[in-house]
Each structure stands twice: as structure tokens, then as C-alpha cells.
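Single-letter residue listing:
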Amino acid sequence: MAMGRRLLGLCAFFFFYGSLSAESTCKLKAKFNLSGYKNVEKKKVVIGGMFPVHMRIASNDGNTSRLPVSSGCEGFNFRTFRWTQTMLFAINEINKRQDLLPNTDLGYVIYDSCFTISKAVEGTLTYLTGQDEAVPNYRCGNGPPLASLVGAGGSDLSIATARILGLYHFPQVSYSSTCSALESKFQFPTFLRTIPNDKHQSTAMAKLVLHFGWTWVGTIAADDDYGKYGIKDFKEQVEEAGVCISFSETLPKVHSPENIQRIVETVVKATAKIIVVFSSDVDFSPLISELLRHNVTNRTWIASEAWVTSALVLKPEVSSLLGGTLGFGVKRAQIPGLRQHLLNLDPYDDPLTEEFWETLFNCTLDYSKALRQAKQRAKETNGTLSRTARAVPDGLCTGRENLAQLNNTYSDVSQLRITYSVYKAVYAVANALHNLEHCEPGRGPFNGKDCADITDFEPWQLMYYMKNVLYTVPHTGEVIYFDEGDVEGYYDILNWQFNSNGEISYVTVGRYNGSAAPEAAMTIMNDSIVWNNDMLEPPRSVCSENCEPGTRKGIRQGEPVCCFDCIPCADGEISNSTDARECILCSEDDWSNEAHDACVPKIIEFLAFGEPLGITLIVISAFGALVTIAVGVVFILNLGTPLVKANDPLLTFSLLFSLVVTFLCSIVFLGEPQNWSCMTSQVALALGFALCLSSIMGKAVVLMLRAQALKKARTRSKAAAKAAKAAAEAAANSGNPDVIVTNTNANNNNNEANSGQNPEVDPLTFGHQRAIAAVMTLIQAIACTVWLIVLPPQRIKNTSSQNIKIILECDEGSVVFICCIFGYDILLALVAFVFAFIARKLEDYFNEGKCMTFGMLVFFIVWISFVPAYLSTRGKFMVAVQIFAILASSFGMLTCIFLPKCYVLLVKPERNTEEMMRPRAKPRDGTSTGTSASLATAATEVQATSATAGIDD
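Remember, it's a predicted structure, so these values are computed and weren't measured experimentally.

Quick notes on the rules
- Residues numbered from 1 in each chain as written.
- Predicted model: local features only at pLDDT ≥ 70, side-chain atom pairs only at ≥ 80, totals over all residues.
- Heavy atoms only, no water.
- Helix = DSSP H or I, 4+ residues; strand = E, 2+ residues; numbered from the N terminus.
- Buried < 20%, exposed > 50% of the residue type's maximum accessible area, 1.4 Å probe, protein only.
- Areas by Shrake-Rupley, 256 points an atom, 1.4 Å probe, with all protein chains shown as cover.
- Patch = residues over 30% accessible without salt bridge, like charges linked within 9 Å, V, L, I, M, F, W, Y side chains within 5 Å.
- Salt bridge = Lys/Arg side-chain N within 4 Å of Asp/Glu carboxyl O.
- Pairing = 2+ DSSP bridges.
- Contact = heavy atoms within 4.5 Å.
- Axes fitted to C-alpha atoms, helices over the stretch in contact; angles between N-to-C directions.
- Parallel < 35°, antiparallel > 145°, perpendicular 65-115°, else oblique.
- Left-handed = near helix turned anticlockwise from the far one by under 90°.
- Nonpolar A, V, L, I, M, F, W, Y, C, P; charged D, E, K, R; others polar.
- pLDDT = per-residue confidence, 0-100.
- Polar contact = N/O pair within 3.5 Å; in protein donor to acceptor, adjacent residues only side chain to side chain.
- Expected span 1.5 Å × (residues − 1).
- Disulfide = S-S within 2.5 Å.

Novice: Got a minute to help me understand the overall build of the chain in this structure?
Specialist: From N to C terminus, the chain includes 25 helices and 27 strands. For the chain, with 953 residues in total, the buried portion stands at 48%. A total accessible area of about 45700 Å² is found for the chain, and carbon and sulfur atoms account for 57% of it.

Novice: Would you mind going over a nonpolar patch on the surface with me for this structure?
Specialist: Together, L778, I782, V786, I789, V790 and L791 make up an exposed nonpolar region whose accessible area comes to about 550 Å². Along the chain, V790 turns up in helix α21 (residues 766-790). On the basis of relative accessibility, which here comes to 46%, the residue V790 falls in the partly exposed class.

Novice: Teacher, can you tell me more about the pattern of salt bridges here?
Specialist: Across all of its chains, the model carries 25 salt bridges by this definition. For E440, the salt bridge is made with R443, and the minimal N-O distance between the two is 3.1 Å. Residue classification places R443 among the exposed positions, given a relative accessible area of 64%. Each of D156, D224, K253 and D283 takes part in one network of salt bridges that share partners.

Novice: Would you mind showing me how to read the pairing of strand β26 (residues 794-798) here?
Specialist: If a strand is regular, its side chains alternate between the two faces of the sheet. Across five bridges, β26 lies against strand β27 (residues 805-811) in antiparallel orientation. Bridge pairing in β27 links N798 to I807.

Novice: Mind showing me how you'd approach the environment of N77 here?
Specialist: Relative to the elements of secondary structure, N77 occurs in the loop between β4 (73-76) and α2 (78-96). The class of N77 is buried, set by a relative accessible area of 6%. Separated by 332 residues in sequence, N77 and T409 place their C-alpha atoms 9.2 Å apart. The contacts of N77, once residues within four sequence positions are left out, are P52, V53, M55, D281 and V282.

Novice: Mind showing me how you'd approach the sheet that holds β27 here?
Specialist: The strands making up a sheet are joined through hydrogen bonds of the backbone, oriented either antiparallel or parallel. With mixed pairing, three strands are arranged side by side in an open sheet as β25-β27-β26. Because the sheet does not close on itself, it has two edges, and the strands there are β25 (603-605) and β26. Between one strand axis and the next, the sheet turns by 25° as a mean value, whatever way the strands run.

Novice: What's the story with the side chain of T124 in this structure? I'm lost.
Specialist: By the element assignment, T124 lies in helix α3 (residues 117-129). T124 gets classed as buried once you look at its relative accessible area, which sits at 1%. Contact partners of T124, with chain neighbours within four places excluded, come to M50, L149, T161, I164 and L165.

Novice: Could you clarify how one ought to interpret the sheet that holds strand β5 (residues 106-112) in this entry?
Specialist: In spatial order, the strands read β1-β5-β2-β6-β7-β8; together these six strands make up an open sheet with mixed pairing. Each having just a single partner strand, β1 (36-39) and β8 (191-193) make up the two edges of the open sheet. For this sheet the average axis-to-axis angle between neighbouring strands, irrespective of direction, equals 25°. As judged from the seven bridges shared by strand β2 (residues 45-51) and β5, these two strands associate in the parallel manner. Residue pairing in the sheet places G49 in a bridge with I110 of β5.

Novice: Would you take a moment to explain the packing of α3 against helix α4 (residues 155-167) for this structure?
Specialist: Between α3 and α4, the shortest axis-to-axis distance is 9 Å and the interhelical angle comes to 30°. The angle between α3 and α4 places the two elements in the roughly parallel class. Viewed along their axes, α3 and α4 form a crossing whose handedness is right-handed. Residue-level contacts link I117, A120, V121, T124, L125 and L128 of α3 to D156, L157, A160, T161, I164 and L165 of α4. Residues that form the contact of α3 with α4 fall into these classes: nine nonpolar, two polar and one charged.

Novice: I would appreciate a short explanation of the confidence of the model for the chain in the present structure.
Specialist: Close inspection of predicted coordinates is inappropriate in any region flagged by low pLDDT. Summarising the model, the chain shows a mean pLDDT of 82, and 85% of its residues fall at 70 or more. Per-element confidence in the chain is highest for β8, whose mean pLDDT is 97, and lowest for helix α25 (residues 939-952), whose mean pLDDT is 33. Low confidence marks residues 1-8, where pLDDT is under 50. Its contacts with residues over four positions away, or in another chain, come to zero contacts. Under a pLDDT of 50 for its full length, residues 10-25 has, in the predicted model, zero contacts with residues more than four places off or in other chains.

Novice: Whenever I open this one, the side chain of Q415 confuses me. Can you help?
Specialist: Topologically, Q415 is positioned in the loop between α13 (387-391) and α14 (418-437). Side chain to side chain, Q415 and R417 meet in a polar contact 2.9 Å long. Those residues within four positions of Q415 in sequence are excluded, and the remaining contacts are R82, T309, R332 and Y506.

Novice: What's the story with α3 in this structure? I'm lost.
Specialist: Note: α-helices contain 3.6 residues per turn, so residues at a spacing of three or four share the same orientation. Here α3 contains 13 residues, and its C-alpha end-to-end distance of 18 Å stays within 8% of the 18 Å for a straight helix at 1.5 Å per residue. Looking only at α3, the buried set comprises K119, A120, E122, G123, T124, T126, Y127, L128 and T129. Next to the buried residues of α3 lie β2, β3 (54-57), β4, β5, β6 (146-150) and α4. Phi for G130, located one or two positions after α3, is positive at around 90°.

Novice: Honestly, the state of the cysteines in this entry has me stumped. Any pointers?
Specialist: Note on terminology: a disulfide is the covalent bond linking the sulfur atoms of two cysteines. The final tally for this structure, using the stated rule, is nine disulfides. What pairs with C569 in a disulfide is C583, and their sulfur atoms sit 2.0 Å apart. When the S-S torsion is -85°, as for the bridge of C569 with C583, the disulfide is left-handed. Of this pair, C569 sits in the loop between β20 (564-568) and β21 (573-574) while C583 is found in the loop between β21 and β22 (584-585), placing the two residues 14 residues apart along the sequence. Each of the two residues, C569 as well as C583, counts as buried. We note that C851 lacks a disulfide partner, and the nearest cysteine sulfur, in C896, lies 7.7 Å from it.

Novice: So what exactly am I meant to see when it comes to the packing of α14 against helix α15 (residues 459-467) here?
Specialist: The description of two packed helices rests on the angle between their axes and on the distance between the axes. Direction vectors running N to C along α14 and α15 enclose 110°, while the axes themselves pass 9 Å from each other. When the axes of α14 and α15 are compared, the pair comes out roughly perpendicular. For the pair α14 and α15, the crossing hand works out as right-handed. Contacts from A428, V429, A432, L433, N435 and L436 of α14 reach α15 at Q461, L462, Y465 and M466.

Right, dumping it as C-alpha cells:
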């Protein structure tokens, strides 16, 4: 017994010592300064709430030499205070219902997060602890169980609280945290929300930008998770679609005039007319004020849901700046009874409502404070307060001020969007609790099919019902369920339209449904949109204007791809679409039109029969052929005359025939080239000139040989004459009277003329001449035949000489063959010219050697001039030059060779006699030569004269 007492006393000692030790080592480091609403007495379940009723925490001096205290908050926000009252309204409404939690009264604990992460964390820890002093990892007291936290406002606040709540598997339902990072169930396993995920909004914004064809946009984002993630998703989608970001700025969370000024300068200098803003109204409002001060206009703003209907940025003078703004608002609804609840506030209920009242009516509910302020004002004016003024000092609120008379954001229920999301979040928790409370024993979802007790349940048990809740929102009929913690992405597209009084209207001009098919997700009524400065047409926002068809994009070095130069397509290339990156090369048979936006067939060019130049050439060719034929007819009619019979009439007719061929073959060069015409024209020309030149050569060789023979005979006759003269002189000197020397010169002339009948003068007969012409022509014919068999000329399309034309021309097939064939003609011409040149000094009334020499000179002049002229022309004019050369050379030979003969035959027929064909008298200098045409007709007469001279001698 005594031992038991000792053991009991020892245990008591250790327990007491442990308590003292714990008290000495574990103590609360700080007490949080939180404001809000609390009602947990006699409540079965408590719902937590967190709202950014204030915009920021009050700044402190940063002094660390004294005990730190939790900062207070400043900057009362009427819009978020309405959200807070909506939660209270929804809880009161649920407590009155008999179909939802009929046996359970809901309590609440609501804290002000002051739009600051630190305050949100303070509120979360305090809420979990269950008392004003936060003790991490402990639930102090034995009050009603905590159901869920509705909050905590912005995305960065919810991320901070969700990390803490997730450690304890505590459910959290957000009404305004849209950041896509919160969809990760690995990081935030107990986070749910009744507002769409920002990935839907980023997609909707991207589709809106693409819908209006804006390719040059600026972006502004808050310096928090909401802004960073939202603008990041937007950028990725639009940049993938070819949109460029002109600038990307970040709004500071802590007020910084320098950063705001820098952003304003960026907006003013930028050429982008479209600016996408992913920010809360609190972060965006300082920039609005500065933009108004700089009178920035002519911009179209794309608003995220956080500020699109916020009165914080809607100042009276913003119409010129924000008029025409397009934004995305979450679902809107009417909540019956809410406005009445908002107007029935008692300003003395709690400090938060008291601050709201004082801020709204610019007065104070504290009598002593109002009296102090009145005394201070009187002191400043050197006056004293009257007894009446002391009883009711100026600036004292009566508490009976009428909220309904104020046109204030708090009482405005026309755009209940985030407010409606708060309402849905509270009902989500209530319906989950209802399902938990009405679980049928033995059919529960937990171990052994157990059910949870609504008076003593664990947070993870409620989390099961929260994830699987399915309910219909009162008054709206909207069905809510969570898909991995998210709801469907549905937005109204709102347009800010100002009337003449500067009053704003949020006009719904479209909708976006993230659950629909991509092509049907967005509907926009373009005609309903009023743009900035009351324009009816969408503004253009491009770094560079679209490149029209016929041009291509030329990227500027160091600039975004949306900044480019429009470079005209080169000749032969086209672009038939707007903003083409490359020009398309036309096919060989096509060419670009003048606008370079379509390929058109190239002009097919050839020297046609029907065009003026073709007709002219045909007429000249036909005229030349007819003249040649006429010359032939004249020669036929005078076939028996001495002039025609001289120097082989058959060669004369073959020469005329070849000239007819050359005249007519030029016509074959005209018209659209065909394979047969290419072969015919070239071969006919080669053979025609070969026959012509070989005939001339046959004639010229005879003249040359006669001239050479005559020269030798003249030399011998001169020697004989000198011998005779010497003999006569010798006889005279001897005194012989029978010898009389008379007319020595006449005898000498006769002797020289007679010497022309020396057999050596005419070694070639007509047969030899014809044989020469035939063989020379046959060689050419054989060469042409081989050419036609091996590599014949054929028609080709020349697309390289002229870009816009297809020149139909003849390809010679082989340069070697064409050079050999026409080189052979040149050889014949050279030989004929040499022979004719040697025979040019045959003196007579008619000298055929001179005519041939002049004819060949004309031939060479024409074809030497032809080469540069041919090489310097293109297209059909090359054919025209070739035809002109053919005709000129043919007319030259016809004129030079046959015009003198025709003159004699037609104009001076009296000269076409045997006598006129005889040689003329030798001049005194003894330089006279024999004749050309008379050598064949005067042979017998010369022989007779020589014989007589011999007898006289």
C-alpha cells in the first residue's frame, strides 16, 4: 500500500515537472491580428471563410528593436465585402431550409486575408487551431467540427492556404482562384473551386485575338501566380498560332511608382493597339490612374475575369481609356433576397461592419472619436464647440444612414458573378455535409461500409463527399459537380460601352464554352461590339501590314516574326495568298502576271504568215522568185542568141533555178515551226545555195582558165610581133625596095586577137562545167541526207531567251553538222569568188567575170553583216533577219549576174550579135585583153586574120 502511494507520488511529480518544463520551453511566439466574423455557439458544424476585404496590409517601420506585432490592414474593398456578406446570407438561407441539413445549424468563422499571403496563412492556422492563438498541428478546444474553408480570394492566396490545408486533408473550396497551377492534385489534393480554371480563359483570350486577326499584342500580368500562369498559357497559344508579343510587363504587388511609370512608357511607345491584362482589380488600378494622367487612348484592352466588372477600376474618367474593352466574365445570376440582406446591416454588430459603415458614409460611429475630431477642427479655425455641437459632433454616424440611397459597388447586384461563385461554394459544402449526415449505416463509403458522424467527422471524410457532390444551385437551376476539382469553363464575353453621361454598361456580346467542340466553343456578335472612340470596326493591331498576293514576307533581323517587309515576288514567281512566306515558281510554260499573283501561259511567239512582217517577207520572196522566173523566160526566148549561148546556158538555168529555190525556201521559215518545216527550210537553203554557188563556180572556172590562157597567148604574140618588126627593120636597112612596112600596130592587134584561138585557152568543155556543178551539189546533198538521218532539225520551245515568251524555233540538232553544211557553202562561195576575181580583167563589151565578182562580193557582205545582226536579236526577229539575209544575198546575185545580160537582151538587143561579142581594139599602151563572151564566137575570124598577117609578112 505504501509502495503504491510512493509510485503514485512519483508519477505526480514527473507529471508536474513535465508540465513546468513544457511551459518553459513551448510558448506562443506571436498573436495574429485578424478581423472577420465568427458565430460558432450552439452550432453543429462550422464552415470557414476567407475574403480579401482589405486591399493590403498596413506598412510598418521595419523596427526590429521592439516586440513585433501582426500588421493591420487598410484599403477597404466594398466589392469583396459584398462577397463576405453573400457567404453569411447563404449560410443563413441554408439554416432556414428544411430540405438541406434540416437537423444541422451551420456556424461560420470568416477572416480577412487583406489580399496578402501572410494574412491568408495567419487566418488558415488560426482556423485550424480553433482559437485566436494559432498552434500548428493542434486543434484546441472541443467546439463543433470544422467543415471546409471557402476562400481564400486570389490564386496566390489560395495556393498558400491549399498547401497548409492539404497537409491535414482539409477541404477547401475557392470562389475566385482560377490559376491553372491549382489543378494539380499532387500538390493540392483537397482544393476545389466553383470558378473555371484559367486554362479555359487563356484559350478563350487566344481565340478572341485570333478571331479579330490581331497579330501584334501587348501583355500585362500581375506579379503573382494568377497573372504569371494565365499570361503564360495565353502566350503559348497565340505564339503557336503566329501572333507576336509586342511587350510583356508585370504589375508590382507592392506599390511602386517607378515600375508603374515604366509600364506606362512602354504602353505609350508600343505600336500594339491590343493589350491583354491578366490581373486583379487591386493590382491593376494604380496603372489605370497613371494611364489616365498621361491621357493614353486608342487602345483596346482585353480583361480577365478578375477585373472585368470591378468598380475599383471603373472611375468616371476612364471612358476614353477603357471604352470598348472586351473581357471575360464568369456566369452571372440573380440571387433573390441578397440585396435586402446587404441593405439590412447593423453597423454596430462587429468591428468589420463598423469600419465598412464609417468608410462608406465618411463618418465615425465612435462618439469620443467624433468629438475629438470636431474639437480639432474648431481649434484649427480658432473657435469653440457649442453645446449642441458637443451633443452631436460633426462626423458622427447615426447608424441610421440609408444604404439604398447610395449607388455603390456593395449594393450593386446587377453583375453578380464572383458573388454567385461564393454562393455556389457555400452550397457545395452544405450539400456535401447533407450527404454525409444522411449516410445510411452499413452502406457508407468508409472502412466496413461505415458512415461518418456529422458531429464528429474527420476532414478527409468530408473530402470524399466534397469531390463527389452533385447539386442544383437554388434559384438558377445550374447543376454543379467537380471534375478533378474544377467546374466547366463557361464565360460571357463582355463589352464596356459608355453612354453620353459616362455611365458604363457591360454588354454581353458573345460566349465561350470550354466543354464544347473547339470550332463551336466561341460565339461572338461582332455587330454588337462598340470599340474604343465609338468605332464600329475592329481596330487593327499588327506590327506589319499583311503582305498582299504577289509579295512574300521578308523577316527583319532581330525582330519578332510578325515584323516583316513585303518583298515583291521575282519575275516568274507568284504568291496567291496573303502573307505568303515563299513565292511559287511558275512552270516552264507559264509566267507571272503583272501583279505576280497568278501564273499565266507565256506568249507563244513565232513569225506568223498573217502578221505584217510575215506578209512583207512573203511578198518579197514571191517577187524575187517571179523575177527570177521572168529572167529565165527571157533567156529561154533568147536561147539561140550569142549572149545566152556563151558560157553554158544549162548552168545559167541551173543558177536561176537555185535562186528560185532560195527565194521560196525563205517562205518555209515563216509560220509555226514544225519538224518537217525545220528540216525542209534548212536543207532547201543549204542545197539551194550549194547549187547556186557551184553553178557560179562552174562558170567562173572556165573564165579563169580562159583568162590565164589568153594571158599566155598574149605574151607569145607580143614576142612574135617584136620579131616581125625587127625583121622588117632589118630588111629596110638592107635597101630592099620590095618590102614596105605598113600598119604594124593593126597587125599586132590582129595577132593578139588571133592568139585567143590557141587550143590552150579553152581546156574545159560545157560537160566539165556541168560535172563540177553536179559533183559539188551532190556532196552537199549527201551531207544533208546524213544530217537528216543522224540528228535532224526539230521544233523546240525556247523558254530561256525571253522570260514572258515561249519562242517556237528550230533546233539544228547538231552544231557540227550545221557548221559543216554551211561551211561547205562558204567554201564554194570563196572558190567561186577567187575564180571570178581572176577572170574580172577579160575585156569585152560584156564582161561576165566582173558581174560574178560583184555578185559574190554582195553575197559576202550580206552574210558577214548577218552574223552580228542575228546574234543580237531574239525571238521571231531572228527568223526575220535570216530571211532578210537569204533574200538580200539572192537579190544581190540575181541583180549583179543577170541584170547586165537582161539589159542587153531587152534594152539593147542590137548588141546581142556576133560582132558585138568580138574583142575591142587594143589601146595604145598595149594593155588590151581578150573578151569573155566573144571568145567562143570569134575564134574562126581570129584564125583567118592571123593567117593573112602571116602571108603579108
